[in-house]
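Residue-level structural notes
Now for the letters of each chain:
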Amino acid sequence: MIVVSDTSPIINLATIGHLHLLPELFTEIVIPTAVFNEVAGAGNHEPGAKEIREASWVKVHSASNQPLLPQLLHDLDPGEAEAIALAVNIKAEYILIDEALGRKIAVSYQLQPLGILGILLLAKQRGLISSVTPLMDRLRLEANFYVDARLYQYIKKLAEE
């Protein structure tokens, strides 16, 4: 399964010590150059920077030549715009993206967005983690990741927790 990732899922998974889930869940993880630079560019010390620089399971591709890119840059930051353009170009099965506007735009291009909470649910379904709730709690506390109270309860219900 080929996925293209934006910056947020990488940094947030790294923050809670679960970046390893990406290569365990997906056969090919592609990130655009802008996302690589946001996470692991020279002098960058974001969570996951070292892992992404050294990862054999990440493929970095330029999306700068994608005709869709200039249009996307009107509404999105470079990482999100390049991720969507690249996902459209390579026909990715999922685009890993958390931001609401980016997800909405991805859907308008017939892409299937999957955010960090969806990644955690998938990991539980595949037996890679035993519980989603403590990881959601860590995301909220350690990564300052906002999860609406209703969404929090819905994810717990889906996870049967």
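See the structure shown above.
As a starting point, this report considers the structure included with it. Only a predicted model underlies this, so the values are computations on that prediction, with no experimental measurement involved. (Residues numbered from 1 in each chain as written. Predicted model: local features only at pLDDT ≥ 70, side-chain atom pairs only at ≥ 80, totals over all residues. Heavy atoms only, no water.)

Further remarks concern the overall build of the protein chain. What the protein chain contains, in helices and strands, is ten helices and five strands. For a compact globule of 161 residues, the expected C-alpha radius of gyration is about 15 Å, and the protein chain comes in at 15 Å, within 12% of that figure. Per-residue burial over the protein chain gives 50% buried out of 161 residues. The long-range fraction of contacts in the protein chain, counting pairs at least 24 apart against all pairs at least 6 apart in sequence, stands at 63%. A total accessible area of about 8000 Å² is found for the protein chain, and carbon and sulfur atoms account for 52% of it. Averaging the positions of the 13 positive and the 19 negative side-chain charges in the protein chain gives two centres separated by 6 Å. (Helix = DSSP H or I, 4+ residues; strand = E, 2+ residues; numbered from the N terminus. Rg over C-alpha atoms; globule rule 2.2 N^0.38 Å. Buried < 20%, exposed > 50% of the residue type's maximum accessible area, 1.4 Å probe, protein only. Contact = heavy atoms within 4.5 Å. Areas by Shrake-Rupley, 256 points an atom, 1.4 Å probe, with all protein chains shown as cover. Lys, Arg positive; Asp, Glu negative; His and termini not counted. Charge placed at Lys NZ, Arg CZ, Asp CG, Glu CD.)

On to the environment of Leu135, then. Looking at where Leu135 falls in the secondary structure, it is placed in helix H9 (residues 133–142). The buried category is assigned to Leu135, whose relative accessible area is 7%. Taking the C-alpha atoms as reference points, Leu135 and Pro47, separated by 88 residues in sequence, lie 16 Å from one another.

With that settled, consider helix H7 (residues 100–108). For H7, the complete set of buried residues consists of Gly102, Ile105 and Ala106. Down the axis of H7, the buried side of the element spans an arc of 105°, and every buried residue falls inside it. Projecting away from the buried face of H7 at angles above 90 degrees are the exposed residues Ala100 and Lys104. Those residues of H7 that are buried lie in contact with helix H5 (69–72), helix H6 (78–90) and strand E4 (94–96). Positive backbone phi, at 60°, marks Gln110, one or two positions downstream of H7. (Arc of directions from axis to C-beta.)

On to the packing of helix H1 (residues 7–15) against helix H3 (residues 33–40), then. Across the interface, H1 lies against H3 with an axial gap of 9 Å and an inter-helix angle of 30°. With respect to their mutual orientation, H1 and H3 come out roughly parallel. Of the two elements, H1 crosses H3, and the hand of that crossing is right-handed. Only Val35, Glu38 and Val39 of H3 make contact with H1, whose side of the interface consists of Thr7, Ile10 and Ile11. Of the residues contributing to the contact of H1 with H3, the split by class is four nonpolar, one polar and one charged. (Axes fitted to C-alpha atoms, helices over the stretch in contact; angles between N-to-C directions. Parallel < 35°, antiparallel > 145°, perpendicular 65-115°, else oblique. Left-handed = near helix turned anticlockwise from the far one by under 90°. Nonpolar A, V, L, I, M, F, W, Y, C, P; charged D, E, K, R; others polar.)

With that settled, consider the side chain of His18. Looking at the secondary structure, you find His18 in the loop between H1 and helix H2 (21–25). Classification of His18 by relative accessible area gives buried; the value is 16%. Contact partners of His18, with chain neighbours within four places excluded, come to Leu13, Ile129, Leu135 and Arg138.

For the rest of this paragraph, the subject is H9. Those residues of H9 not exposed but buried are Thr133, Leu135, Met136 and Leu139. For H9, the buried positions fall inside an angular range of 165° around the axis, keeping them on one side. In this structure, the buried side of H9 is in contact with H1, helix H8 (116–125) and helix H10 (149–158). Following H9 by one or two positions, Asn144 has its phi on the positive side, about 50°.

Note that strand E1 (residues 2–5) and strand E2 (residues 28–32) share three bridges and pair parallel. Across the sheet, Val4 pairs through a bridge with Val30, a residue of E2. Relative to E4, E1 runs parallel, the two sharing three bridges. Across the sheet, Val3 pairs through a bridge with Tyr94, a residue of E4. (Pairing = 2+ DSSP bridges.)

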